[in-house]
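Listed below are the residues making up each chain.
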Amino acid sequence: TEFILSALNLDHPVNDFGNLCLEIYKYRDDIRGVVSMDHLRENVLDYLNSQPPDPGTDAELTSSETIGNDGLGALLDDVIDSECISKLERDGFVVIDEVMKTSQSSNYKLSQWSKKGQTGQEECRTDTVAFMDRGDALECGVESQYDLLLSLASHLNNKLDLYESPFAPVFPGTRDNPLTNPSGCNVQMAEYGSQDFYDPHSDNSINMAQHSEYVYQGSEEEYIDNCYGNEVFDDTTPWRAEMQRGMYSSEKRRSNYRCITAILYLNEGWEEKDGGQLRMYLDSAHCEIPNTAKDTHNYVDVNPSNGKLLLFDSRMIHSVEKVLHESKIRRALTLWITRPEESGVTGEKFFLFDDDEN
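A quick note: this is a predicted structure, and the numbers were derived from the prediction, not measured.

Reading the values: the criteria
- Residues numbered from 1 in each chain as written.
- Predicted model: local features only at pLDDT ≥ 70, side-chain atom pairs only at ≥ 80, totals over all residues.
- Heavy atoms only, no water.
- Axes fitted to C-alpha atoms, helices over the stretch in contact; angles between N-to-C directions.
- Helix = DSSP H or I, 4+ residues; strand = E, 2+ residues; numbered from the N terminus.
- Parallel < 35°, antiparallel > 145°, perpendicular 65-115°, else oblique.
- Left-handed = near helix turned anticlockwise from the far one by under 90°.
- Contact = heavy atoms within 4.5 Å.
- Buried < 20%, exposed > 50% of the residue type's maximum accessible area, 1.4 Å probe, protein only.
- Salt bridge = Lys/Arg side-chain N within 4 Å of Asp/Glu carboxyl O.

Asker: Mind laying out the packing of helix H2 (residues 17-25) against helix H4 (residues 37-48), listing which residues take part and the relevant values?
Answerer: Packed helices, taken two at a time, are described by their axes: the angle between them and the distance between them. Contact geometry for H2 and H4: axes closest at 8 Å, N-to-C directions at 125°. Relative to H4, the element H2 is oriented oblique. Seen along the crossing, H2 lies across H4 with a hand that is left-handed. Side by side, H2 and H4 meet where Phe17, Gly18, Asn19, Cys21, Leu22, Ile24 and Tyr25 of the first sit next to Leu40, Arg41, Asn43, Val44, Tyr47 and Leu48 of the second.

Asker: An account of the side chain of Asn157 is needed here, citing residue identities and associated values.
Answerer: By the secondary structure assignment, Asn157 is in helix H9 (residues 143-159). Among the residues examined, Asn157 registers a relative accessible area of 9% and is labelled buried.

Asker: Explain the pattern of salt bridges residue by residue, including any values.
Answerer: Applying the stated rule across the entire model yields 14 salt bridges. Linking Lys159 and Asp77 is a salt bridge whose minimum nitrogen-to-oxygen distance equals 4.0 Å. Residue Lys159 is located in helix H9, and its partner Asp77 is located in helix H5 (residues 70-79); the two are separated by 82 residues in the primary sequence. By relative accessible area, Asp77 is classed as partly exposed at 44%. One salt bridge in this structure joins Arg125 and Asp127, with 2.7 Å as the shortest N-O distance. For the pair Arg125 and Asp127, a shared accessibility class is recorded, and that class is buried.

The structure is reproduced here in structure tokens:
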């Protein structure tokens, strides 16, 4: 009884059995031999994998206007101009140099930040990561970089010509402002040392295990026209056409709400010979097996130099090539801008390590 009461933290009420199992699982080291770990793990996994994706927070809450940073608004207008927007719409990605640099002092603070840890996915990535909120960003001296990333969704809502969607937006997303920011500690800081890498992957992968209820025996255009009129489908640019086809491919439901990935690089004096380039595989949004992109798609390499901002369609396949320099540390801040919709997305698949692996 005392243990159950300790699990029922009054600051975080437990409203259902699955959530209770999750709370109990946090104390698993204290109850081995008392509670069946196998059954507990099964209930926790069932609960986690039944939860819908997080729709995020209203992008306007962190717009440059809301936070009172006119200088940041002017910077965004200047660096993400109509040419950059057109390239993002056309190609699915855009690289913008020298947007906002990070000092050596801030890089040192990030190197000492205690919240970093391994991902547990060493077979496909060997970087060290942590997620930060604004308090963490302030502690590490990158609050301006954090504010820049959090202001992007509002800016892109106003500038980017996003495709029409037949699916209803999920609050706080709206028809007029579909992009949102992730909740909580929402900016990832990643570090790569010598020989570290990240294999080809997608930030919003095809969920091959799921089958959509939106099944229509006909072409995608016919399905859209049948439901919503022929003015909805828009293939004026390759990226928008691909984004729309992805929404209506019923056998290729996505894993999350991520729409646009934003990465700000922090590395002063980084040269191509140092390795660590982000390799972007072109026209790869519908590649079902990421590793095959190496053989089937052309690519461009993005050097992670200080102040560079990369925006891209979160579905595109990309990798981080091995860092070749023996002592340099490659750092980047990443925000995944989301577009929550009632499109049948079920969320990422959760796994738990064996008990002896904690």
